[in-house]
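Observations on the three-dimensional arrangement
Letter by letter, the chains look like this.
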Amino acid sequence: RNILKRLFSYAIARQKTQFNPAAAIEGRFIAQASSRDVALTSDEVGHLLRSIYQSSMRRANKLALHLLILTMVRKTQMTEARWDEIDLEKTEWVIPAGRMKKDKAQIVPLCKQAIAMLEELQILASGSEWVFPSRNSLKKPISHTTLNAAIRTLELDIQQFVIHDFRRTASTHLHEAGFNSDWVEKCLAHEIKGIRGVYNKAQYADQRREMLQWWADFVDSKIEEGRKVVIGRFADFH
């Protein structure tokens, strides 16, 4: 498109034509900017969450974004979460098969920070069946674009950041910390390829719980670097 645009501009200058068809096509119609396809650094994780908590976005949206980082679930699995899926006493969240990409139920162990956030969200939900009810109606969840819009209100110097980067970020840091790859892949609800995937049906519940608690504590430590931020009583858990 760029080459053709210059070609027709030259032709117009030479009075060979009067119209530049390439100029009439906006770049966004033929290409989309993609995620940089890398994980956030530990400093970027801290900077991002400090920016979120210091912003004017709704408290529930702040907690949703923080929970996305900690639980490693997909965005729609978070925004469409229902209270009957969550057991605060067992400290686990069971996402039903119908809401999972592979049509298999996923058990998400909940760290101490996540439990405290969910206890606060129960109050904010005002009796709704949804963990994140819409601002306009308690009978439906927030839109799937709500969290994206909330992120766009932030003034961030993190290049090409998208919400899906949360999952890649957690995976990268957990692998770098030496955690078992099968535990990480199970948290991401990824299927293990090859023969190992056929025979390996383990849930790794205890190992994943310990790993996700380590991850939550790690994220907390990065939020606190640089300057203190008031984020909630769940910040006391270490």
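The shown structure was predicted, so the numbers you read here are calculated from the model rather than taken from an experiment.

1. Describing the overall build of the protein
Counting secondary structure elements, the protein contains 10 helices and three strands. Along the protein, helices and strands appear, N-terminal first, in the series α-α-α-α-β-β-β-α-α-α-α-α-α. Out of the 238 residues belonging to the protein, those deemed buried represent 43%. Accessible area of the protein: about 13600 Å², with a carbon and sulfur share of 51%.

2. Regarding helix α10 (residues 205-224)
The end-to-end C-alpha separation of α10 is 29 Å, in line with the 28 Å expected for 20 residues at 1.5 Å each. Every buried residue of α10 is accounted for by Arg208, Met211, Leu212, Gln213, Trp215, Ala216, Phe218, Val219, Asp220, Lys222 and Ile223. On its buried face, α10 is in contact with α2 (42-54), α3 (59-71), β3 (106-109), α5 (112-124), α7 (165-176) and α8 (181-187).

3. Some remarks on the nonpolar core
Among the nonpolar cores identified, the biggest contains 58 residues, and Leu48, Leu65, Trp93, Leu121, Phe132 and Phe166 are the most heavily contacted of them. Of all the secondary-structure elements, those providing two or more residues to this core are α2, α3, β2 (92-95), α5, α6 (146-152), α7, α8 and α10. For this core, the element with the highest residue contribution is α3, accounting for eight residues. If near-sequence neighbours (up to four positions away) are discounted, Phe166 is found in contact with Leu40, Leu48, Leu65, Leu68, Ile69 and Phe161.

4. A short note on α3
If you check α3, its first and last C-alpha atoms are 18 Å apart, about what 13 residues at 1.5 Å a residue would give, namely 18 Å. Burial within α3 is extensive, with 12 of its 13 residues counted as buried. Along α3, the positions that sit buried rather than exposed are Ala60, Asn61, Lys62, Leu63, Ala64, Leu65, His66, Leu67, Leu68, Ile69, Leu70 and Thr71. With its phi angle positive at about 70°, Met72 sits one or two positions after the end of α3.

5. Quick look at the pattern of salt bridges
A pair can form between side chains of opposite charge whenever their charged atoms are brought close. Applying the stated criterion across every chain, the model contains four salt bridges. In this structure, the salt-bridge partner of Arg99 is Glu85, at a minimum N-O distance of 2.7 Å. Of this pair, Arg99 sits in the loop between β2 and β3 while Glu85 is found in the loop between α4 (75-79) and β1 (86-87), placing the two residues 14 residues apart along the sequence. The pair formed by Arg99 and Glu85 is uniform in burial state, with each residue classed as buried. One salt bridge connects Asp165 with Arg168, and the closest N-O pair in it is separated by 2.5 Å. With Asp165 and Arg168 both in helix α7 and three residues apart, this pair spans about one turn of that helix.

6. A look at the packing of aromatic side chains
Per the stated rule, a full pass over the model turns up three aromatic pairs. Aromatic side chains Trp215 and Phe218 sit 5.7 Å apart centroid to centroid with 20° between the ring planes, which places their arrangement in the stacked category. Here Trp215 and its partner Phe218 are both found in helix α10, three residues apart, which amounts to about one turn of the helix. Both residues of the pair, Trp215 and Phe218, count as buried. Members of the aromatic cluster, joined through ring pairs, are Phe179, Trp214, Trp215 and Phe218. One Lys or Arg, Arg82, reaches over the ring of Trp130 and ends 4.6 Å from the middle of that ring.

About the criteria used
- Residues numbered from 1 in each chain as written.
- Predicted model: local features only at pLDDT ≥ 70, side-chain atom pairs only at ≥ 80, totals over all residues.
- Heavy atoms only, no water.
- Helix = DSSP H or I, 4+ residues; strand = E, 2+ residues; numbered from the N terminus.
- Buried < 20%, exposed > 50% of the residue type's maximum accessible area, 1.4 Å probe, protein only.
- Areas by Shrake-Rupley, 256 points an atom, 1.4 Å probe, with all protein chains shown as cover.
- Expected span 1.5 Å × (residues − 1).
- Contact = heavy atoms within 4.5 Å.
- Core = buried A, V, L, I, M, F, W, Y, C linked by side-chain atoms within 4.5 Å.
- Salt bridge = Lys/Arg side-chain N within 4 Å of Asp/Glu carboxyl O.
- Phe/Tyr/Trp six-rings, centres within 6.5 Å; stacked < 30°, edge-to-face > 60°.
- Lys NZ or Arg CZ within 6 Å of the ring centre and 35° of its normal.

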